[in-house]
Amino acid sequence: MVRLMKGNEAVVAGALYAGCDAFFGYPITPASEIAHAAAEWLPAVGRVFIQAECETASINMVYGAGAAGKLAMTATSGPGMSLMQEGLSYMAGTGIPGVVVNIQRAGPALGNVYTEQADYNQAVKGGGHGSYHAMVLAPASVQELCDGTMRAFALAFQYRTPVIVLSDAAQGQMTESMRLPVVEHDRPAGVAAWAVQGTAASRGNLHTSIFLDVDVLEGINRDLQRKYAAMQVEAAAEEYRIDDAEVVFLAYGTSSRIARTAVDQLRATGVRAGLFRPLTLFPFPREALCRLADRKLVVVEMSCGQFREDVIGQFAAGIRKVPEVQLVHRMGGVLVSVDAVAEAARKLV
Amino acid sequence: MSTKRTVGMFESFDRSGRATRSSHYCAGCGHGILHKLITEALVELGLQDRTVVVSPIGCAVFGYYYWDVGNIGAAHGRAPAVATAVSRTIPQAVVVAYQGDGDLAAIGFNCAVQAANRGERMVTFMVNNCTYGMTGGQMSPTSLLGQRTLTSPQGREAATEGHPLRVAELFNQLQAPVYIARCSVADTKRIFQTKQIVRKALELQRDGKGYAYVEVLSPCPTAMGLDALASARFTAEQMEQVFPLGVIRDHSTQAVPLPPPAPACSVPDFFARYRDRDFPAPVEDATYTERRMIVAGSGGQGILVLGLCLIEAGALAQRFVTWYPTYGPEQRGGFASCALVIGGRTIGSPHVEHPDILVCLTRPMLERFLPLVKPGGVVFCDTMILGPDAPSRPDVRIVAVPATELAAANGSSRAANTVMLTALLHTRVTGLPEEAILHARDATLRKKPSLIALNRHVFDAGLAWCRQNLP
Ligand code: SF4
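Conventions we followed
- Residues numbered from 1 in each chain as written.
- Chains lettered and ligands numbered in written order.
- Predicted model: local features only at pLDDT ≥ 70, side-chain atom pairs only at ≥ 80, totals over all residues.
- Heavy atoms only, no water.
- Helix = DSSP H or I, 4+ residues; strand = E, 2+ residues; numbered from the N terminus.
- Rg over C-alpha atoms; globule rule 2.2 N^0.38 Å.
- Buried < 20%, exposed > 50% of the residue type's maximum accessible area, 1.4 Å probe, protein only.
- Contact = heavy atoms within 4.5 Å.
- Areas by Shrake-Rupley, 256 points an atom, 1.4 Å probe, with all protein chains shown as cover.
- Lys, Arg positive; Asp, Glu negative; His and termini not counted.
- Charge placed at Lys NZ, Arg CZ, Asp CG, Glu CD.
- Near = heavy atom within 4 Å.
- Nonpolar A, V, L, I, M, F, W, Y, C, P; charged D, E, K, R; others polar.
- Domains from an automatic or database assignment.
- Buried area = accessible area lost by both parts, 1.4 Å probe.
- Salt bridge = Lys/Arg side-chain N within 4 Å of Asp/Glu carboxyl O.
- Pairing = 2+ DSSP bridges.
- Phe/Tyr/Trp six-rings, centres within 6.5 Å; stacked < 30°, edge-to-face > 60°.
- Lys NZ or Arg CZ within 6 Å of the ring centre and 35° of its normal.
- Axes fitted to C-alpha atoms, helices over the stretch in contact; angles between N-to-C directions.

Chemist: What is the right way to look at the overall build of chain B in this model?
Modeler: For chain B, the helix and strand inventory stands at 17 helices and 15 strands. Compactness check: chain B gives a C-alpha radius of gyration of 35 Å against a globular reference of 23 Å for 471 residues, more than 25% above the reference. By the burial criterion, 56% of the 471 residues in chain B qualify as buried. Counting contacts in chain B only where the partners sit at least 6 residues apart, residues at least 24 apart contribute 66% of the total. As presented, chain B carries roughly 19,100 Å² of accessible surface, and 55% of it is formed by carbon and sulfur atoms. Within chain B, one finds 45 positive and 39 negative side-chain charges whose respective centroids are separated by 3 Å.

Printed below as a string of structure tokens:
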């Protein structure tokens, strides 16, 4: 079934097909339509919707339902995401699965409700206290918001980790045609072993994150880092017209779509341009990126250069050599223009 | 806590990391007594296998050393949110949120009062010892006036630190709670009363009857800087002057368990309800030139609907489509515009910087967007916004249509967008087949079917005008 759907609604469609048991949310532009759809659709199929009293409550409800082995999610934008950081640290530290969709708006502070990608570091580097990461997926279309949310649940339970779907206002507000998933996912396996469900079988199960013994806590930290290393197999990227490309744009999410249009325009005028687009931001598709070290590279993003900094770090970690990486960016809710992106490439060839 | 084994608690508290039978609580602490009362009641009521305890941050953070039931540790103040989620997603569970006065009445007060106000099926036990025990004895919202703590070294002052917060009495202002009580573990007589109250609150949970709040006055000799006896006396005498004991509310006989949820449909069946919104899958078509368009005007002119109608026609014609509206405060300011792209392959940027086609119903929007139109592009405007001083460009084709006038003359001044649709159809600028446009014209009114006939009438009048007046 192909439907025309708003990105924010596609999130809920993906969640339902994933088997999402509960949505906990609090209104915030430009993410509110996710809660609107969840409030209507989840009860219709016998699932739970609660409008929480604040984002702190939302994320702790996700934590509670996740601790019970249920598929739970929330969705928000910048300021709400900031309020959720403590809860995300608890989820990561305790090994509680759950999904958080961030329809990024422009910051800092109240900022405005238009598109930015400035929550990159917050999402990818941990964001809360302690040495942890959430897994971060980077959709760029309505279809990918649906599919990404669905996949986020599977990953969250496979790794017992919070997964952030790092979207933005443009994706949330746009309407595109989208294939609905064909079947509902099976419920995640192995949950009974750890979930606290108020049953005889789960009576001995426990979720806590306080470890006064420093050696024990160091061990838990080491386990977490091993888990993050194991996640590397999930790293993925999409490459577009990259084989013979002299200039390669590096971009994720909505910026990658702008760069894609620039690639086509450049190719039409004889400039060999291509696009490298991470589909996962944590883990980062480092190996694939490092294969591009000999190209002319231009990062396109809607933040101060947070993504570029990470790209540079990935090169340094991957091949101990950092090529020159140009930056085309806008901030404050202004979309990068195709013209500016194409111009940056022309200057390089 | 004594070393005598309580049924429902672990025999040896191995979870503390040591095989021990003594608890981590200080001598004379009230927590251990309440732990016992809760577990005894759970066992007596046969609830051990149904129970999930959500433990707080505070001295009871290690409650899981003792309780032989499912346990989830919550962030500071968030036990009610965690408990809410467990209770809603596992309806048969008996859910206990165990909190202290700092955890509940300070950092987590909103979560606590909101869960109580929603009437969640759970019991909250708030251990009130007038202080933050775990962090060494700071002032809490329930500290008594004049009470010296690490953060009220001169004694709590009403003028600057407020009065002790009486949570039970505050919760008694809410409609939803079924049971509200305050009790104490300061001495044997009081412990006996507390036992009854704890049991009652858990019975209500067993029967799924709703929210119960039980506040338990409890000695904390360590933070109070008193010996066990003096601390118990303080709890019984001084605290009770501010926090009187008793059952404050008992609606247990009126309360009814939630009815079982209505039968729900499957997810695929749910989406199949909207079969009329199915579209064929888009197909790659290199012969179709991508159209990038902007439709602009003001709120109430059907700007966004016209855009949606066009992408719906595009989707029907198996094109790739994207529609991106203005939203947020800009929309409330009276402006309305949307960008849309219809193409023969995957669409890159959803943002239309330089439209091939601009449809404009107000002058300010024409002034804003005309300069952006691609050379060779087409601009459709309402005749009434043009005039001798209207902006113009020699390198774009401007098509003037008396859209508002025609719409009004045919019964709906709000259907100027429909007249514009006829101009788009007549001039064939979108490259979309007529059937798709006609179908989309009606389909975008699927939520207001009563308007379809009128809209068709306006459409016919518009098309007739276009045939007569446009090349
Ligand atoms: S500090 Fe107070 S509340 Fe904490 S264990 Fe000691 S007596 Fe009990």
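Read on, since the account is not over.
Chemist: Honestly, the overall build of chain A in this entry has me stumped. Any pointers?
Modeler: A tally of regular secondary structure across chain A gives 13 helices and 15 strands. Over its C-alpha trace chain A gives a radius of gyration of 20 Å, about what one expects of a compact globule, namely 20 Å for 349 residues. Considered along the principal axes of its C-alpha atoms, chain A spans approximately 70 × 50 × 40 Å. Taken across its 349 residues, chain A has 63% of its residues classed as buried. Across chain A, the fraction of contacts at a sequence separation of at least 24, relative to all contacts at a separation of at least 6, is 80%.

Chemist: Which parts of the structure should I look at to understand the site of the ligand?
Modeler: Taken together, B:Tyr25, B:Cys26, B:Cys29, B:His31, B:Cys59, B:Asn129, B:Gly133, B:Cys220, B:Pro221 and B:Thr222 make up the full set of residues adjacent to the ligand. Split into classes, the residues belonging to the shell around the ligand amount to six nonpolar, four polar and no charged.

Chemist: Sorry if this is basic, but what is going on with the domain arrangement of chain A here?
Modeler: Note: interface size is frequently given as the accessible area lost on complex formation between the parts. Residue and element names in this part refer to chain A. One can read the domain layout of chain A as domain 1 (2–233) and domain 2 (236–348). If you average the C-alpha positions of domain 1 and of domain 2, the two centres end up 27 Å apart. Domain 1 puts 32 residues into the contact, and the matching count from domain 2 is 26 residues. When the two sides are added together, the surface that domain 1 and domain 2 hide from each other amounts to roughly 2,300 Å², 49% of it contributed by carbon and sulfur. It is Gln117, Tyr120 and Ala138 that lose the most area in domain 1 upon contact with domain 2, and together they represent 31% of the buried surface on that side.

Chemist: In this structure, what is going on with unusual backbone geometry? I would like to understand it.
Modeler: Backbone phi values are negative for most residues with the exception of glycine, while trans is the configuration of most peptide bonds. Omega for the peptide link from A:Gly107 to A:Pro108 comes to 0°, which places this bond in the cis form. Inspection of the secondary structure puts A:Pro108 in the loop between strand 5 (98–104) and helix 6 (120–124). The residue B:Gln318 is not glycine, and still its phi comes out positive at about 65°. As for its placement among the helices and strands, B:Gln318 is situated in the loop between helix 11 (303–316) and strand 11 (320–325). The partly exposed category is assigned to B:Gln318, whose relative accessible area is 29%. One non-glycine residue, B:Arg428, lies in the positive phi region at around 60°. Checked against the element boundaries, B:Arg428 lands in the loop between helix 15 (416–427) and helix 16 (434–443).

Chemist: Just checking my understanding: could you explain the interface of chain A and chain B for this structure?
Modeler: Residue-level contacts link 70 residues of chain A with 72 residues of chain B. Taken together, both faces of the contact between chain A and chain B bury some 5,800 Å²; the carbon and sulfur share is 62%. It is A:Arg3, A:Glu53 and A:Arg203 in chain A that bury the most area against chain B; as a group they hold 12% of the surface buried on that side. In this structure, the connection of chain A to chain B is made through five salt bridges.

Chemist: Help me out: how do you make sense of the pairing of strand 2 (residues 22–25) of chain A in this one?
Modeler: Sheet faces and side chains relate simply in a regular strand, where the side chains alternate between the two faces. Residues and elements named next belong to chain A. Side chains Ala22 and Phe24 project from strand 2 onto one buried face, and the interleaved Phe23 and Gly25 project onto a second face that is buried too. With four bridges joining them, strand 2 and strand 3 (residues 48–51) adopt parallel strand pairing. Paired with Ala22 across the bridge in strand 3 is Val48. Here two bridges tie strand 2 to strand 4 (residues 72–76), and the two strands are oriented parallel to one another. Bridged to Ala22 within strand 4 is Ala72.

Chemist: I keep staring at the domain arrangement of chain B and nothing clicks. Help me out?
Modeler: On domain assignment, one finds that chain B holds domain 1 (13–250) and domain 2 (273–469). One C-alpha centre belongs to domain 1 of chain B, the other to domain 2 of chain B, and the line joining them spans 62 Å.

Chemist: I would appreciate a short explanation of the packing of aromatic side chains in the present structure.
Modeler: The way to describe two aromatic rings as a pair is by their centre distance and the angle between their planes. Inspection of the entire model under this criterion finds 24 aromatic pairs over all chains. Ring centres 5.9 Å apart and planes at 15° place the aromatic pair A:Phe23 and A:Phe49 in the stacked group. Pair noted here: A:Phe23 is in strand 2 and A:Phe49 is in strand 3, with a separation of 26 residues, a long-range link. Residue placement shows B:Arg441 over the ring face of B:Phe459; its charged tip is 4.6 Å from the ring centre.

Chemist: Explanation requested: the sheet that holds strand 1 (residues 51–55) of chain B in the structure shown.
Modeler: Sheet strands associate in pairs through backbone hydrogen bonding, adopting either a parallel or an antiparallel arrangement. Spatially, eight strands are ordered 9(A)-2(B)-1(B)-3(B)-4(B)-8(B)-7(B)-9(B) in an open sheet, and the strand pairing comes out mixed. Edge positions in the sheet fall to strand 9 (206–207) of chain A together with strand 9 (246–250) of chain B, since each of these pairs with one other strand and no more. Where strand 9 of chain A meets strand 2 (residues 70–73) of chain B, two bridges bridge the pair, whose relative direction is parallel. Within the sheet, the bridge partner assigned to A:Leu206 lies in strand 2 of chain B and is B:Asn71. Sitting on the sheet, helix 3 (residues 55–67) of chain A touches strand 9 of chain A together with strand 2 of chain B, and the angle it makes with strand 2 of chain B is about 155°. Sitting on the sheet, helix 7 (residues 188–206) of chain B is in contact with strand 3 (94–100), strand 4 (123–128), strand 7 (179–184), strand 8 (212–217) and strand 9 of chain B, with an inclination near 155° to strand 7 of chain B.

Chemist: Is there a simple way to think about the pairing of strand 14 (residues 296–301) of chain A in this case?
Modeler: Residues and elements named next belong to chain A. Burial analysis of strand 14 places five of its six residues in the buried class, which makes it a mostly covered element. Where strand 11 (residues 247–250) and strand 14 come together, four bridges link them in parallel fashion. Pairing of Leu250 across the sheet is with Val299, part of strand 14. Note: strand 14 against strand 15 (residues 325–329), five bridges, orientation parallel.

Chemist: Looking at this structure, how should I read the environment of B:Gly302?
Modeler: Considering the arrangement of structural elements, one finds B:Gly302 in the loop between strand 10 (291–298) and helix 11. Sequence spacing of B:Gly302 and B:Leu470 is 168 residues, and the spatial spacing of their C-alpha atoms is 23 Å.

Chemist: What should I look at first to understand the environment of A:Pro30 in this one?
Modeler: Relative to the assigned elements, A:Pro30 resides in the loop between strand 2 and helix 2 (32–44). Relative accessible area serves as the criterion here: at 1%, A:Pro30 is assigned to the buried category. For the pair formed by A:Pro30 and A:Asn102, sequence separation is 72 residues and the distance between their alpha carbons is 9.7 Å. Not counting residues within four places of it along the chain, the set of residues in contact with A:Pro30 comprises A:Asn8, A:Ser77, A:Ile103, A:Arg105, A:Val113, A:Ala169, A:Gln173 and B:Tyr327.

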